[in-house]
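Residue-level listing of the chains:
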Amino acid sequence: MERANKPLKLGFERDLVEVSLDLLLGSKPQPATLKQSVKYSQIRASIKAIGIVEPLAVIPHPAHQGSYMVLDGHLRLEALKELQSESALCLISKDDEAYTYNKRVNRLSAIQEHRMIVRAVDRGVSPETLADALDISKASIIARFKLLDGICEEAVRLLADKPASRSMFNVLRQMKPLRQIDVSKSMIDLNNYSVKMAMAMLQATAPEQLVDEVRIKTQQSSSSDTLNRLRRELAAVQADTKLLEERYGPDNLQLVIIKTYIKTLLENAKVVRWLARTHGEYLHQLQLIADLENLAT
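Below or above, wherever it landed, is the structure these notes cover. (Residues numbered from 1 in each chain as written. Predicted model: local features only at pLDDT ≥ 70, side-chain atom pairs only at ≥ 80, totals over all residues. Heavy atoms only, no water.)

Turning to helix α2 (residues 74–82), a few remarks are in order. Every buried residue of α2 is accounted for by His74, Leu75, Arg76, Leu77, Ala79 and Leu80. If you follow the buried residues of α2, they end up packed against β2 (24–26), α1 (38–50), β3 (56–60), β4 (68–72) and β5 (87–92). Looking one or two residues beyond α2, the residue adopting positive phi is Gln84, at roughly 60°. (Buried < 20%, exposed > 50% of the residue type's maximum accessible area, 1.4 Å probe, protein only. Helix = DSSP H or I, 4+ residues; strand = E, 2+ residues; numbered from the N terminus. Contact = heavy atoms within 4.5 Å.)

This is how it looks when you write it as C-alpha cells:
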C-alpha cells in the first residue's frame, strides 16, 4: 500500500513585503567594529550602486506588535540605515531558525566570478558601475574580466568550480595548452590550487611546453641562478615538511575530537537557538567546522 504524499510546508510567506526600517529589530548584538569590516564596506557599496539584491529574512517580533525581528541580513540593515533608506524589502519567515539560511552557501570561484563580470559587461554594465558595486577599483574589474586570456578551454572546464586564486592563472598562462591541462589535473588530484604549487609546476615544465615569451626569458636567465633558487626553495620545503610531520599526529587527533564535540553540540536545537540569538558570529564559524568533510583521520 502506497503511503500518501504529505503536502510540503512552506518556510516563508509567498510574497515579499516592504517594511519600514523603524520596524526592523536585530535578533543579535553586532560587534562595535562592524562598519570597519571589508564585508560591510562591500555590501554598503553594492546597495548604494545597484540597490538591495537579496531581501532581508524576518519574522514577526514576539514582543513588539507590528515590528519584525531580523533573522538574516543584519549587515544589509545597517548599510540601509547608514544610506538613510526608509524601508527594506523583506521575506517573512514562519519560524526563527536563522542558522539554516546561509549554511550551505558556496562561495564563487575565480572563474565563476569572471563569467559573471563578462556577462554583466555584455549586457551593458560599465566597468565603473561594477567597480562601485563591488567596492573595488576599475583596474581590478578589468583584470578579472581578462582572467582567462591565454587559458585553454579544457583547463577552464577543469578549474571552473575549484578554489583557485586569480594569481594562479597568471602562472598557468605562461604554459602551453597541453601543459595547462596537465597542471590543472595535477592540482585537482592533490587538492592544491595555490600559487606556490603552480610556480613549482612551472619550474618543472620543459622549455618547449612554455609560451614563446616565457621560454625566451628562461633561456636568457642563468642556469646557476635557477639552480641556487631551486636549492633554497627545496630546503625551505624540507624544513616545513619536517615540522608538519612532527606536529601532524597530535594536531590531527585534537582537531578530530574538537570537530566531533562541536558537531554534537550543534545537533542540540536549544544550543543552536541560543547561539543564533546571542552569538550569531560564533555559530557560523562552528557550523563551518562541523561541516568539514576532508579532515584526515
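Here the focus is the packing of helix α8 (residues 177–190) against helix α9 (residues 195–203). For any two helices packed against each other, the geometry is given by the interaxial angle and the distance between the axes. It is at 11 Å that the axes of α8 and α9 come closest, and there the two elements cross at 135°. As judged from the angle between their axes, α8 and α9 are oblique. Every pair of crossing elements has a handedness; the one defined by α8 and α9 is right-handed. Mapping the contact onto sequence places Arg179, Val183, Ser186, Met187 and Leu190 in α8 and Met197, Ala198 and Met201 in α9. A class-by-class count of the residues in the contact of α8 with α9 yields six nonpolar, one polar and one charged. (Axes fitted to C-alpha atoms, helices over the stretch in contact; angles between N-to-C directions. Parallel < 35°, antiparallel > 145°, perpendicular 65-115°, else oblique. Left-handed = near helix turned anticlockwise from the far one by under 90°. Nonpolar A, V, L, I, M, F, W, Y, C, P; charged D, E, K, R; others polar.)

Tallying each qualifying case throughout the model produces seven salt bridges. Close ionic contact of Asp72 with Arg76 constitutes a salt bridge, the shortest N to O distance being 3.0 Å. An identical accessibility class is assigned to Asp72 and Arg76; each is buried. The residue Asp161 makes a salt bridge to Lys162 at a minimum N-O spacing of 2.9 Å. (Salt bridge = Lys/Arg side-chain N within 4 Å of Asp/Glu carboxyl O.)

In spatial order, the strands read β1-β5-β3-β4-β2; together these five strands make up an open sheet with mixed pairing. At either end of the open sheet lies a strand with only one pairing partner, and these are β1 (17–20) and β2. Recorded for the sheet is a direction-independent mean angle of 55° between the axes of neighbouring strands. Strand direction decides the pairing type here: β3 and β5, joined by three bridges, are parallel. Bridge pairing links Val58 to Ile92 in β5. Those strands touched by α2 are β2, β3, β4 and β5, and its axis lies near 120° from that of β4. (Pairing = 2+ DSSP bridges.)

Turning to the side chain of Ser67, a few remarks are in order. Take Ser67: it is sitting in the loop between β3 and β4. When neighbours within four sequence positions are excluded, Ser67 is seen to be in contact with Leu23, Leu25, Pro60 and His61.

This part covers unusual backbone geometry. Even without being a glycine, Gln84 presents a positive backbone phi close to 60°. On the secondary structure map, Gln84 appears in the loop between α2 and β5.

Below, the discussion takes up the pairing of β4. With five of its five residues buried, β4 lies for the most part within the structure. One ladder, built from three bridges, connects β2 with β4; its direction is parallel. Note on β4: the bridge partner recorded for Leu24 is Tyr68. Alignment of β3 against β4, held across four bridges, turns out to be antiparallel.

A word on helix α13 (residues 280–290). Every α-helical turn comprises 3.6 residues, leaving residues that sit three or four positions apart pointing alike. Looking at α13, one finds that the buried residues are Gly280, Leu283, Gln287 and Ala290. In an axial view of α13, the angular spread of the buried residues amounts to 75°, which keeps them on one side of the axis. (Arc of directions from axis to C-beta.)

Just distances and angles here, no functional claims.
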